[in-house]
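A look at the structure
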Amino acid sequence: MDPAGRQVFTVDLLERYAAKGRGVITCMAAGNDVILLGTSKGWVIRHDFGIGDSTEIDLSTGRPGEQSIHRVFVDPGGSHCIATVVGSGGVDTFYTHAKWIKPRVLTKLKGLVVNAVAWNRQLITEASTKEVILGTDNGQLHEIAVDEKDKREKYIKFLFQLEELPEAFMDLQMETASIMNGTRYYVMAVTPTRLYSFTGIGSLETVFASYLDRAVHFMELPGEIPNSELHFYIKQRRAVHFAWLSGAGIYHGGLNFGAHHGSPSGDENFVENKALLDYLKLSEGAEAVKPSSMAVSEFHFLLLIGNKVKVVNRISENIIEELQFDLTSESVSRGIIGLCSDATAGLFYAYDQNSVYQVSVNDEGRDMWKVYLDMNEYAAALANCRDPLQRDQVYLVQAEAAFASKDYHRAASFFAKINYMLSFEEITLKFITIGEQDALRTFLLRKLDNLAKDDKCQITMISTWATELYLDKINRLLLEDDTAVVNHGSEYQSVIKEFRAFLGDCKDVLDEATTMNLLESYGRVEELVYFASLKEQYEIVVHHYIQQGEAKKALEVLQKPAVPIDLQYKFAPDLIMLDAYETVESWMATNNLNPRKLIPAMMRYSSEPHAKNETHEVIKYLEYCVHRLHNEDPGVHNLLLSLYAKQEDDSALLRFLQCKFGKGRENGPDFFYDPKYALRLCLKEKRMRACVHIYSMMSMHEEAVALALQVDPELAMAEADKVEDDEDLRKKLWLMVAKHVIEQEKGAKRENIRKAIAFLKETDGLLKIEDILPFFPDFALIDDFKEAICSSLEDYNKQIELLKQEMNDATHGADNIRNDISALAQRYAVIEREEECGVCRRKILTVGREYQMARGYTSIGPMAPFYVFPCGHAFHAQCLISHVTRCTNEAQAEYILDLHKQLTLIGGEARKDSNGSLTEESITSVTPVDKLRSQLDDAIASECPFCGDLMIREISLNFIRPEEALQVTSWEIKPSSLGSQRTLSLPL
């Protein structure tokens, strides 16, 4: 019984007088909510509860005497029915379909009492029975198939006959399985004393024919029972276990139809987990009572004993319930006749002579977890648990059993799965009390596996506790065995490996600071470094490797993409001192490094003494930055220059100074180092050639030459020759070199003079003998310079002659200019009488008051002043001024008008001859009026306005000038008002 009082199986009266007056009920079958009842008068009553219909079929028609239905069978779908009629007229077997009105007698089975039918549950349909096996009272098996549309059987075949022990077949069951090369059949049949099993591939006929050559597999039990029954429990259209109601007890077990698919000959032993339920367990007295009928559910046997049904748990073999029936007075004498089951509907039925009872199942598996638990079948118990509390009880029993047997690790695993029955504290105290630290650690680890991700606080605390237990275990192992560290197969090494795996799994839930403090307090430096790397605390990892002198490992960590670049700079001083080669190689392989931030480390390395033949790693890296990375940082260039300066060989320094790193950049410098710093450094290190180069680069040529003279006169000459744009400076530099050369010569006097003369030739004529004479002593003989002085005098004579020639050319040019001026005064142009002004289109020679100019213009008779251009265009002066001021820009226009106004105000006319011609005297004597007129002429008449630039610039001007805007608007067509519109009809 359920604790809540609910029964697993309940009995309800389905129908009191189910036979409907057609006699008493003799047999019954059910399938898919369809019940078939056989009566003592040869009738089959069909009740279809699915559609609420009832049908009566008379199988005694045409048969003499009394007829009774011996057995009735229905398929799992409720469509096909087979019934056997026994009477004074013999035995007949009928087939009928749910859609048929009249049954069909199976003539080939006449005289055979059919006790059992096995349906092909996998293939049967409403339209066709497929293969059906019939078991008869004389120990024969027959195969039949019927298609509903044919209204008759397709065939009836004989399959098998019991020869060794002829007995009646009392019940049959069949199962099929589809395999690659066909269909495998599994058939089980029972007689009063034996259980037979048949299997094979092909058709049923082929399967049973194979037993002519081989023995039939059977199970024989002592005792005999007249109502031997065989039942399959069907789950999802597949048989999963069986039960045989035999004389010795209920023989039952599981069915595994897939275990021997590959065997072509077949193996009849497809039964597993076989068991026998002794009838003594069902009896209250000493004598066993055999059930008269049986039904099988998923977990129980329903056994009809007398007028009661005892429900026996198939697993525990205990009686859990007894079912009572409300019998009528007329049915008490005979009692309950039998049981049957409807596998499709999941219902059971019992029947007596008049009534049908329904046995319903109410969640029969709800207490199975407890049944399995009592039998210590924990896996099955867990599989049948319905809620976490039930699972906790199973785990608790397992844990307590393991704890009692001192299997503490196993107990810890089960305790960790308990969530409600015991608290976390109670479980941990169990292990602490007995001092089982290892089991406690196992419990904590398993508990972590079972906790939900949302329990972050609990996960962190348990993980921390497990960490401490691991550390304690490691220390205890070290105390027990000093050689555990070097012994790779030791428990110590195994625990270390397990602990590191634990840190890797729990790195996201462990508190970083707490865990590191724990590892540090226990002295587990290697695990501390390992955990730090897991938490991406690379600073701790690198620091540890540096302390251990393992620069390469430290650099490998720093090169990981996730490591901040700042750590490179922080550890650079230590790493370069530890292993300069590997460090520099790592720097060169790392992108995005700022060499400027590595300068402190490089300076520290450079301050240490190095062997002469040793590769300077910092110089190698700086050269890589400058030449390969094209670094432009002045600090980097200055450091490289300083390192070059400290080398004994200055060739590298000179190459560096001569290299133009900014070449190709627009407006970029040729170098990036500080020249003043470089000069100070080179002077300090006495790198004079480098100093000369720096002076020259800074355009301090005098200092460069002065210093070069101390090193090498040839170098000084080269420096002096670099100056090209300043002749005086170049000469001055060469004089410095000459003075040095003369003063440094210690040979004979004549030899000094010859060398000085030879030096003059090297200057390519820049220096003369007179330039270097002051550098010789006063007592030097003139004879020694005779040749040089004569050569110099000849050069001067040539220069004097050249100057005379230039003066003659200048005088001749002045005479030509005077002649041109005289000719200009006589220049004229011929104006035709009909010549028009280019602007106003009036005659140029027109006399009119409107063209009388203000004073300041030379009067030419009564005509207005005008301009004539070489191109032939002519303009009145006033028209030309107006045109030019209109077409030129505003500033130029104001300038022209201002000159015109000044000429008008001054009012002084220029002196002219009576005929208006200009004399040479008037040209040479310039008055203010003449000057203003000249400026005005230049402004308006420097070129013809129609042929010069002024006309070209007019192309970009608008056709309509701003002052003409009013005139343009007057031409716009405006729409007139509607009221003033007039229509004008035009004749067609």
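Residues numbered from 1 in each chain as written. Predicted model: local features only at pLDDT ≥ 70, side-chain atom pairs only at ≥ 80, totals over all residues. Heavy atoms only, no water.

The test is simple: UniProt positions are given in the numbering used here, feature names are shortened, and annotations may be inferred rather than shown by experiment.
Going by the annotation in an unreviewed UniProt entry, the name recorded for the protein is Pep3/Vps18/deep orange domain-containing protein, with Castanea mollissima given as the source organism. Recorded in UniProt for the protein, the comment headed Subcellular location (unreviewed entry) runs: "Endomembrane system".

1. A word on the nonpolar core
Going by this rule: In this description, a nonpolar core means a group of buried Ala, Val, Leu, Ile, Met, Phe, Trp, Tyr and Cys residues linked to one another through side-chain atoms lying within 4.5 Å. Burial classes follow relative accessibility: with a 1.4 Å probe on protein chains only, a residue under 20% of its type's maximum area counts as buried, one over 50% as exposed, and anything between as partly exposed. Put simply, DSSP marks the helices as runs of H or I at least four residues long and the strands as runs of E at least two long, and each gets a number from the N terminus on. Contacts are assigned to residue pairs that have any heavy atoms within 4.5 Å of one another.
One finds Phe415, Phe431, Phe443, Leu444, Phe499, Phe502 and Leu575 to be the most contacted residues of the largest nonpolar core, which totals 60 residues. With eight residues, the single largest contributor to this core is helix H9 (residues 456-480). Contact partners of phenylalanine 502, with chain neighbours within four places excluded, come to Leu445, Leu448, Ser463, Ala466, Thr467 and Tyr470. Counting 47 residues, the second largest nonpolar core, distinct from the first, contains Trp587, Ala601, Leu681 and Cys682.

2. Thoughts on the pattern of salt bridges
Note the cut-off: A side-chain nitrogen of Lys or Arg and a carboxyl oxygen of Asp or Glu constitute a salt bridge if their distance falls within 4 Å.
With the rule as written, the count across this model stands at 38 salt bridges. A salt bridge links aspartate 449 to arginine 446; the shortest N-O distance between them is 3.3 Å. Here the residue aspartate 449 and the residue arginine 446 both occupy positions in helix H8 (residues 437-450), the gap between them amounting to three residues, near one helical turn. For arginine 446, a relative accessible area of 31% gives the class partly exposed. We note a salt bridge from arginine 500 to glutamate 527, for which the minimum N-O separation is 3.6 Å. With arginine 500 in helix H10 (residues 491-506) and glutamate 527 in helix H12 (residues 525-534), this residue pair connects regions lying 27 residues apart in the sequence.

3. Topic: the sheet that holds strand E20 (residues 249-255)
Definition in use: At least two bridges found by DSSP between two strands are what make those strands a pair. With axes taken as lines fitted to C-alpha atoms, and helix axes fitted only over the stretch in contact, angles between N-to-C directions fall between 0 and 180 degrees.
Strand order in this open sheet of four strands is E18-E19-E20-E21, and the pairing throughout is antiparallel. Single-partner strands in this sheet number two, and they are strand E18 (229-235) and strand E21 (271-278). Adjacent strand axes in the sheet meet at a mean angle of 20 degrees, parallel and antiparallel pairs treated alike.

4. Things to note about the side chain of threonine 96
Among the secondary structure elements, threonine 96 is positioned in strand E8 (residues 90-97). Excluding residues that lie within four positions of it along the chain, threonine 96 makes contacts with Ile57, Ser79, His80, Cys81 and Pro103.

5. As for the sheet that holds strand E16 (residues 194-201)
Taken in spatial order, the four strands line up as E14-E15-E16-E17 in an open sheet, and their pairing is antiparallel. The sheet terminates laterally at strand E14 (171-179) and strand E17 (217-220), the two strands that pair on one side only. Across the sheet, the mean angle separating the axes of adjacent strands is 15 degrees when strand polarity is ignored. Pairing of E14 with strand E15 (residues 182-190) involves nine bridges; the strand directions are antiparallel. Paired with threonine 176 across the bridge in E15 is tyrosine 185.

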